Amino acid sequence: MKSVINFCKKLLNSTNDKVAHDFSQGPIVIPRDQHPVSRQLISNNALKVLYRLNKGGFDAYLVGGGVRDILLGLAPKDFDIVTNATPEQIKGLFRNCRLIGRRFRLAHIVFGREVIEVATFRGHHDDNSGNNQKISKQSDQGMLLRDNIYGTIDEDAERRDFTINALYYSTKDFNVYDFAGGVHDIEQGVIRLIGDPETRYREDPVRMLRAIRFATKLDMTISEETHAPIKPLASLLSNIPAARMFEEFLKLFVSGKAVANYHMLREYDLFEHFFPSVERALCANDNFSLDESEQIAQFILQALENTDIRIANEQRVTPAFLFAAILWFPLQKRIASIKAASDILPQDAFFQAYHELMSEQQQSVAIPKRFQLVIKDIWILQERFEKREPKRAYKTLEHPKFRAGYDFLLLRAEFADDSVKELAKWWTDFQDAPQATQSQMLKTTGRSAKPRRKMRRKRRPNSKSTSES
Ligand code: ATP
Ligand code: MG
């Protein structure tokens with residue numbers, strides 16, 4: 001990282017290492033021979049968009065993570081572009097353009113699987129006059145509900161979140177423009193909000209999550225004045241729509257830094273806004289004992305660590321697995337208390353607990369239906385793994401979510417008693433065994449289950465089942 005930053009050294013020396021926070025002085029301009037941002041490091045599609053905008057007579061810059069990550073010697077996750085063209089003008093230039101967003105109107109230029117996001121320079125919004133009500137709107141807590149006032153590049157830089165994100169690269173002159181001392185902060189490894197931190201968090205509380213995400217992703221420190229207001233303002237996150245919280249969940253937990261993000265989110269009282277029921281369990285509320293809460297923390301950490309390792313190895317991960325793990329113990333507690341309060345059938349207790357837990361969970365993080373179904377399958381499979389009569393065992397093996405369910409069983413086995421360990425070992429052996437061995441295995445395990453099935457059949461005419469399964 002240092003060698004890359006050396007490109008900008010000359011410039012830093014010339015500014016006496018002072019942070020250029022004074023926007024009225026304009027940006028620090030870093031010419032091409034003093035920075036490492038080159039077109040080879042930028043996606044071809046992003047370059048196409050930049051060139052087409054320039055050709056159309058507009059200013060256009062690569063901005064944010066695309067510039068920041070290249071300066072840090074990292075490969076950018078995506079390439080964001082900003083321009084003085086309005087969304088409609090952008091649409092006029094690209095056939096493959098979709099306009100999205102209400103709070104924040106943006107253009108998406110779609111190239112197969114790659115989407116280049118193009119934003120129009122944001123301007124200052126009107127605080128008191130109310131003249132800009134239609135394009136800019138603030139809640140009573142100071143949260144920006146709409147922010148569609150367009151402005152100049154200087155204004156746009158001031159509206160960005162962190163100094164390290166207010167860096168602009170132009171394909172017209174190949175300069176990098178540093179408006180807020182971002183290069184200095186990159187060199188120092190500091191995450192620093194632009195402007196007054198409390199106001200900026202009130203405008204958009206998700207910036208608290210972003211501060212943490214960038215600190216762990218880039219291995220940087222959050223500056224004192226930027227981290228101090230987070231804990232006191234953490235409750236503002238409850239105003240964020242659950243759908244946006246799901247997007248942030250993915251960025252925090254399915255990005256290779258889940259363990260580090262989990263620790264920081266808990267430290268800053270932010271985790272409870274993702275998983276209220278889990279936070280209660282971790283604090284030994286909701287009838288969880290201290291021992292249980294310790295075990296839950298270990299279990300969640302193990303799931304997060306496995307996810308980080310899988311991502312580092314470029315293996316697939318599904319957020320459903322993580323949700324299943326994080327919510328597993330609150331689910332178990334709810335099942336137990338439902339069973340204790342009524343003589344409900346076990347599978348009915350599961351479905352009731354599932355619905356109660358998920359409807360509470362959806363208020364914080366809107367988990368899309370397709371993931372909810374997988375979470376449910378993973379949990380149902382845990383019960384099915386115990387049924388080892390021949391027909392059932394083969395059916396379980398063919399279940400489309402067998403792999404996820406089995407991985408979950410392995411995770412549970414690390415923390416549970418010997419019976420779950422034995423079960424996990426049995427399924428590990430069974431799934432890869434030759435047919436003859438499988439039959440042999442089923443002979444021993446299947447036998448014990450049969451009498452139970454017979455007894456249930458006899459009782460069935462008298463019992464009115466309301467099971468969903
Ligand atoms: P990465 O894509 O690696 O997660 P990024 O910095 O590019 O990081 P994006 O979410 O892609 O983050 O946003 C692009 C840029 O838009 C940011 O760098 C920042 O300048 C600006 N931005 C994004 N979200 C906010 C926000 N909530 N408030 C102010 N500026 C923001
Ligand atoms: Mg980005």
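As shown above, the structure is provided for reference.
Residues numbered from 1 in each chain as written. Chains lettered and ligands numbered in written order. Predicted model: local features only at pLDDT ≥ 70, side-chain atom pairs only at ≥ 80, totals over all residues. Heavy atoms only, no water.

Q: Residue-level account of the overall build of the chain, with values.
A: For the chain, the count of helices and strands is 22 helices and twelve strands. Residues counted as buried form 50% of the 469 residues belonging to the chain. Sequence separation of at least 24 residues holds for 68% of the intrachain contacts in the chain that already meet a minimum separation of 6. With the model as given, the accessible surface of the chain reaches about 23,300 Å², and the carbon-plus-sulfur share is 50%. (Helix = DSSP H or I, 4+ residues; strand = E, 2+ residues; numbered from the N terminus. Buried < 20%, exposed > 50% of the residue type's maximum accessible area, 1.4 Å probe, protein only. Contact = heavy atoms within 4.5 Å. Areas by Shrake-Rupley, 256 points an atom, 1.4 Å probe, with all protein chains shown as cover.)

Q: With reference to specific residues and values, describe the pairing of strand β3 (residues 80-83).
A: Strand direction decides the pairing type here: strand β2 (residues 60-63) and β3, joined by four bridges, are antiparallel. The partner of Tyr 61 across the bridge, within β3, is Val 82. Sheet topology places β3 next to strand β6 (residues 114-120); four bridges connect them, and they run parallel. Bridge pairing in β6 links Ile 81 to Val 118. (Pairing = 2+ DSSP bridges.)

Q: Which residues make up the coordination of the magnesium ion (ligand 2), and what are the values?
A: Ligation of the magnesium ion (ligand 2) by protein atoms is provided by Asp 78 (OD) and Asp 80 (OD), these donors lying 2.1 to 2.3 Å from the ion. Given the relative accessible area of 22%, Asp 80 is considered partly exposed. (Donors = N, O, S within 2.8 Å, 3.2 Å for Na, K, Ca; no water.)

Q: Can you explain the pattern of salt bridges? Please cite residues and give values.
A: The full count for this structure, using the stated rule, is 26 salt bridges. Close ionic contact of Glu 356 with Arg 334 constitutes a salt bridge, the shortest N to O distance being 3.4 Å. In this pair, Glu 356 is assigned in helix α17 (residues 346-364) and Arg 334 in helix α16 (residues 319-341), connecting sequence segments 22 residues apart. Taking relative accessible area as the criterion, Glu 356 reaches 32% and is therefore assigned partly exposed. Lys 387 serves as the salt-bridge partner of Glu 383, at 3.2 Å between the closest nitrogen and oxygen. For Glu 383, a relative accessible area of 42% gives the class partly exposed. Several salt bridges share partner residues, and in doing so they unite Arg 280, Asp 286, Arg 334, Glu 356 and Glu 360 into one network. (Salt bridge = Lys/Arg side-chain N within 4 Å of Asp/Glu carboxyl O.)

Q: For the packing of helix α12 (residues 242-253) against α16, give the residues involved together with the corresponding values.
A: Put simply, α12 and α16 touch, their axes get as near as 11 Å, and they point 95° apart. With respect to their mutual orientation, α12 and α16 come out roughly perpendicular. Side by side, α12 and α16 meet where Phe 246, Phe 249, Leu 250 and Phe 253 of the first sit next to Pro 319, Leu 322, Phe 323 and Ile 326 of the second. When the residues that make up the contact of α12 with α16 are grouped by side-chain class, the tally is eight nonpolar, no polar and no charged. (Axes fitted to C-alpha atoms, helices over the stretch in contact; angles between N-to-C directions. Parallel < 35°, antiparallel > 145°, perpendicular 65-115°, else oblique. Nonpolar A, V, L, I, M, F, W, Y, C, P; charged D, E, K, R; others polar.)

Q: Give a description of the packing of aromatic side chains that names residues and reports values.
A: If you walk through the whole model with that rule in mind, you get 30 aromatic pairs. Arranged with centres 5.0 Å apart and planes meeting at 80°, the rings of Phe 350 and Phe 351 form a pair that is edge-to-face. Measuring from ring centre to ring centre gives 4.6 Å for Trp 426 and Phe 430, while their planes differ by 15°; the resulting arrangement is stacked. One end of the pair, Trp 426, and the other, Phe 430, are both in helix α21 (residues 418-432), four residues apart, so they sit about a helical turn from each other. Given a relative accessible area of 0%, Phe 430 falls into the buried group. Members of the aromatic cluster, connected to one another through ring pairs, are Phe 246, Phe 249, Phe 253, Tyr 262, Phe 271, Phe 274, Phe 275, Phe 323 and Phe 371. Against the face of Phe 214 rests Arg 213, its NZ or CZ located 4.9 Å from the ring centre. Over the aromatic face of Phe 288 sits the side chain of Lys 333, whose NZ or CZ is 4.7 Å from the ring centroid. (Phe/Tyr/Trp six-rings, centres within 6.5 Å; stacked < 30°, edge-to-face > 60°. Lys NZ or Arg CZ within 6 Å of the ring centre and 35° of its normal.)

Q: Give a description of a positive patch on the surface that names residues and reports values.
A: On the surface, Lys 48, Arg 52, Lys 55 and Arg 95 cluster together into a positively charged patch. For Lys 55, the position within the fold is in helix α3 (residues 44-55). (Patch = residues over 30% accessible without salt bridge, like charges linked within 9 Å, V, L, I, M, F, W, Y side chains within 5 Å. Lys, Arg positive; Asp, Glu negative; His and termini not counted. Charge placed at Lys NZ, Arg CZ, Asp CG, Glu CD.)

Q: Describe in detail the site of ligand 1, supporting the description with residues and values.
A: In the vicinity of ligand 1 lie 17 residues, with Arg 68, Asp 204, Arg 207, Arg 213 and Lys 217 positioned nearest. A distance of 3.0 Å is found between an oxygen atom of ligand 1 and a side-chain nitrogen or oxygen belonging to Arg 210. Computed on the free molecule, ligand 1 has an accessible area of 580 Å², of which 88% lies beneath the protein chains in the complex. Elements represented by at least two residues in the shell around ligand 1 include exactly α4 (65-71) and α9 (206-217). The greatest single-element share of the shell around ligand 1, amounting to five residues, is contributed by α9. (Near = heavy atom within 4 Å. Polar contact = N/O pair within 3.5 Å; in protein donor to acceptor, adjacent residues only side chain to side chain.)

Q: Any details on unusual backbone geometry? Residues and values, ideally.
A: If a residue is not glycine, its phi is most likely negative; likewise, a peptide bond is most likely trans. The phi angle at Ala 284 is positive, at roughly 60°, despite the residue not being glycine. As for its position among the elements, Ala 284 is in the loop between α14 (276-282) and α15 (290-312). On the basis of relative accessibility, which here comes to 24%, the residue Ala 284 falls in the partly exposed class. Non-glycine residue Asp 286 carries a positive phi angle of around 50°.

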